[in-house]
Amino acid sequence: MRSVEEQLDIIVDATMTPSPIRIGITDALGLMCAEEVQATRSLPGFAQAAVDGYAVRAVDVGGAQSLSNRAPVESDDAPAHIDPDTSLPVVGEVAAGSQKPLRLQPRQAVRVATGAPLPTLADAVLPLEWSDRGRRRVTPHRPVRSGDFIRREGDDIQPGDIAVRAGAVLGPAQIGLLAAAGRDKVLVYPRPRVTVMSYGLELVDIDRDPGLGQVFDVGSYAVAAAAKDAGADVTRVGIINAEPRHLKEQIAVHAQKSEFLIITGAVGGSSARAIQEALGALGDIDTTRVAMHPGSTQGFGLVGEDRIPAFLLPSNAVSALVVFEALIRPAIRSSLGKRVLNRRIVKARSMNRIESIPGRLGFVRARLMRDAQTRDYLVDSIGGVSGGPAHLLAGLAEANAMIRIPTDVVEVRPGDVVDVMFLQQRA
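Residues numbered from 1 in each chain as written. Predicted model: local features only at pLDDT ≥ 70, side-chain atom pairs only at ≥ 80, totals over all residues. Heavy atoms only, no water.

Condition: UniProt positions are given in the numbering used here, feature names are shortened, and annotations may be inferred rather than shown by experiment.
Going by the annotation in an unreviewed UniProt entry, the name recorded for the chain is Molybdopterin molybdenumtransferase, with Corynebacterium tuscaniense given as the source organism. The record held by UniProt for the chain lists under Sequence similarities (unreviewed entry) the comment "Belongs to the MoeA family." Here is the UniProt Pathway (unreviewed entry) comment for the chain, exactly as written: "Cofactor biosynthesis; molybdopterin biosynthesis."

As structure tokens, this is what we get:
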């Protein structure tokens, strides 16, 4: 029996990153950049006011003349007071976006808005709240230093600087830098294409009423949603034709258009032999036992001309989702270039007694919470308690975490500290 860690290593090693494509930056959030983007212009492109106030020469309001790139609110080395008779005429006003240059003369002030271009010779901005807010004349209440409350040309980025590096995952800041560099498109590694199918003579789609012995196709819907949540571009095919002569053709067609192929209901029982034979004709599929529960029986291999990873998952939706979380989600994140492949793990104190199967890594659905006073994590198991059912989907829907029970632990007692995989926040 293969360990979960061994199986995951095999899967991640076989995972390939899709070829780069060029897309609009509005669609690039969360994707990995495939090029080095250099700035072709300064950011900001001109000296501008950082606050609403008055553009001044610092020397005219008692400030130091040495340049400062900081914008202090309080400064120990600046004078704490100013001559009360200091008053400057306000000779103009500049709004953000103004394209009319102004020139400041000694002992003058110009009213400026945040983002407005600074008049020539101005080397500081006196904030409104540091003055009497005069319209024709302004009286400073405290001095400013040269460089205070202004954004100098190129403070953020200079021409030739690297705005976004290859391999960076594009978040809001990176998208903003691309826009600042004047780029409306960027080369990225796209979301991997994941095709989800289901197989089983007992399955019917949800637009039909199941008859005796039939059940809805739950697995493909649940796994397709999980793949999309992991960041993939998902195609849910649904129930595939059970005729053996059509299975190979259907799988081959979809394998050509995918980076991952997932088939639920394709392991265990004599009914799965046909699909495993079809997959075997297209590549190498290893149906094996992995030391985990639920979802021990599963399959993995490489199929099609491009040798894409193919997964065979149990028909039970909970088992299929557990296998997805443990083994497939990390592979999808790897193909996206994510540095962290697995969910966040926290230590929590168990509120229940939990039994586990010896020799297998246990995944138990749970509710993770925090003690209001100590702020310690507490975890309340939902399935697998003292032999309780571990296969019910409703329990998983109530869970926001899964407890990971090591292979050498057969019982968790109330108060024991356990590893908990945080799934997502429930509103």
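**What to know about the overall build of the chain**
The condition that has to hold: A run of H or I in DSSP counts as a helix once it spans at least four residues, and a run of E counts as a strand once it spans at least two, with each numbered from the N terminus. Each residue is placed in one exposure class: buried if its accessible area under a 1.4 Å probe, protein chains only, is under 20% of its type's maximum, exposed if it is over 50%, and partly exposed if it falls in between. All accessible areas in this document rest on Shrake-Rupley with a 1.4 Å probe, and a residue is counted as covered only by the protein chains that are shown.
From N to C terminus, the chain includes 7 helices and 28 strands. Within the span of the chain, comprising 427 residues, buried residues form 47% of the whole. Carbon and sulfur atoms make up 49% of the accessible area of the chain, which totals about 21100 Å².

**Examining unusual backbone geometry**
Look at the link from His293 to Pro294: it is a cis peptide, with omega at -5 degrees. Its identity as a non-glycine residue notwithstanding, Arg107 has a phi of 60 degrees, on the positive side. On the secondary structure map, Arg107 appears in the loop between β6 (88-94) and β7 (109-112). One non-glycine residue with positive phi stands out, namely Phe149, at about 60 degrees. In this fold, Phe149 is placed in the loop between β9 (137-138) and β10 (150-151). Taking relative accessible area as the criterion, Phe149 reaches 8% and is therefore assigned buried.

**Observations regarding the packing of helix α4 (residues 244-255) against helix α5 (residues 273-282)**
Any two packed helices are characterised by the angle at which their axes cross and by the distance between the axes. Our working rule: The axes used here are C-alpha line fits, helices contributing only the stretch in contact, and every angle between their N-to-C directions lies in the interval 0 to 180 degrees. Here the word oblique covers every angle except those under 35 degrees (roughly parallel), over 145 (roughly antiparallel) and from 65 to 115 (roughly perpendicular). Helix crossings get a hand from a simple test, with the near helix turned counterclockwise from the far one by less than a right angle marking a left-handed crossing and a clockwise turn marking a right-handed one. Whether two residues touch is decided by their heavy atoms; if any such pair falls within 4.5 Å, the residues are in contact. For this classification, the nonpolar set comprises Ala, Val, Leu, Ile, Met, Phe, Trp, Tyr, Cys and Pro, the charged set comprises Asp, Glu, Lys and Arg, and every other residue, Gly included, is treated as polar.
Look at α4 against α5: their axes get within 9 Å of each other, and the N-to-C directions meet at 55 degrees. As summarised for this structure, α4 and α5 are arranged oblique, according to the angle between their axes. Where α4 crosses over α5, the two elements pack in a sense that is right-handed. For the pair α4 and α5, the contacting residues are Leu247, Lys248, Ile251 and Ala252 in the first and Ala274, Ile275, Ala278, Leu279, Ala281 and Leu282 in the second. Residue composition of the contact of α4 with α5, by class: 9 nonpolar, no polar and 1 charged.

**Looking at helix α6 (residues 317-335)**
Operational definition: The reported bend at a residue is simply the angle between two axes, fitted to the 7 residues ending at it and to the 7 residues beginning with it. In the analysis that follows, any N or O atom pair within 3.5 Å is treated as a polar contact, provided that within protein one partner can donate a hydrogen and the other can accept it, and provided that, for residues neighboring in sequence, both atoms belong to side chains.
Maximum bend of α6: about 50 degrees, positioned at Glu325. Most of α6 is tucked away, with 18 of its 19 residues classed as buried. Regarding α6, its N-cap is Asn316, as a side-chain oxygen of that residue lies 3.1 Å from the backbone nitrogen of Val318 further along. Once α6 ends, the next one or two residues include Gly337, with phi positive near 85 degrees.

**With respect to the pattern of salt bridges**
The test is simple: Salt-bridge detection follows one rule: a side-chain nitrogen of Lys or Arg within 4 Å of a carboxyl oxygen of Asp or Glu.
Following the criterion strictly, the structure yields 18 salt bridges and no others. A salt bridge links Asp284 to Arg307; the shortest N-O distance between them is 2.9 Å. In this pair, Asp284 sits in strand β18 (residues 283-289) while Arg307 sits in the loop between β20 (297-303) and β21 (308-313), placing the two residues 23 residues apart along the sequence. Taking the relative accessible area as the measure of exposure, Asp284 reaches 51% and is therefore exposed. Residue Arg367 pairs with Asp380 through a salt bridge whose shortest N-O separation is 3.4 Å. Of this pair, Arg367 sits in strand β24 (residues 361-370) while Asp380 sits in strand β25 (residues 377-381), and the two are 13 residues apart along the sequence. With a relative accessible area of 33%, Arg367 lands in the partly exposed category. On the accessibility criterion, Asp380 (17% relative accessible area) is buried. Counted as one network, the salt bridges with shared partners bring together Arg22, Glu35 and Arg183.

**Here's the deal with the side chain of Gln7**
Take Gln7: it is sitting in helix α1 (residues 4-14). Note on Gln7: relative accessible area 1%, which makes it buried. Those residues in contact with Gln7 that lie beyond four places of it in its chain are Arg2, Thr288, Val290, Gln298, Phe300 and Leu327.

**Considering the packing of α1 against α6**
Here α1 crosses α6 at 30 degrees, and the two axes come no closer than 9 Å. Remark: the crossing between α1 and α6 carries right-handed chirality. Touching Val4, Gln7, Leu8, Ile11 and Val12 of α1 are Ala326, Leu327, Pro330, Ala331 and Ser334, all from α6. Looking at the contact of α1 with α6, its residues break down into 8 nonpolar, 2 polar and no charged.

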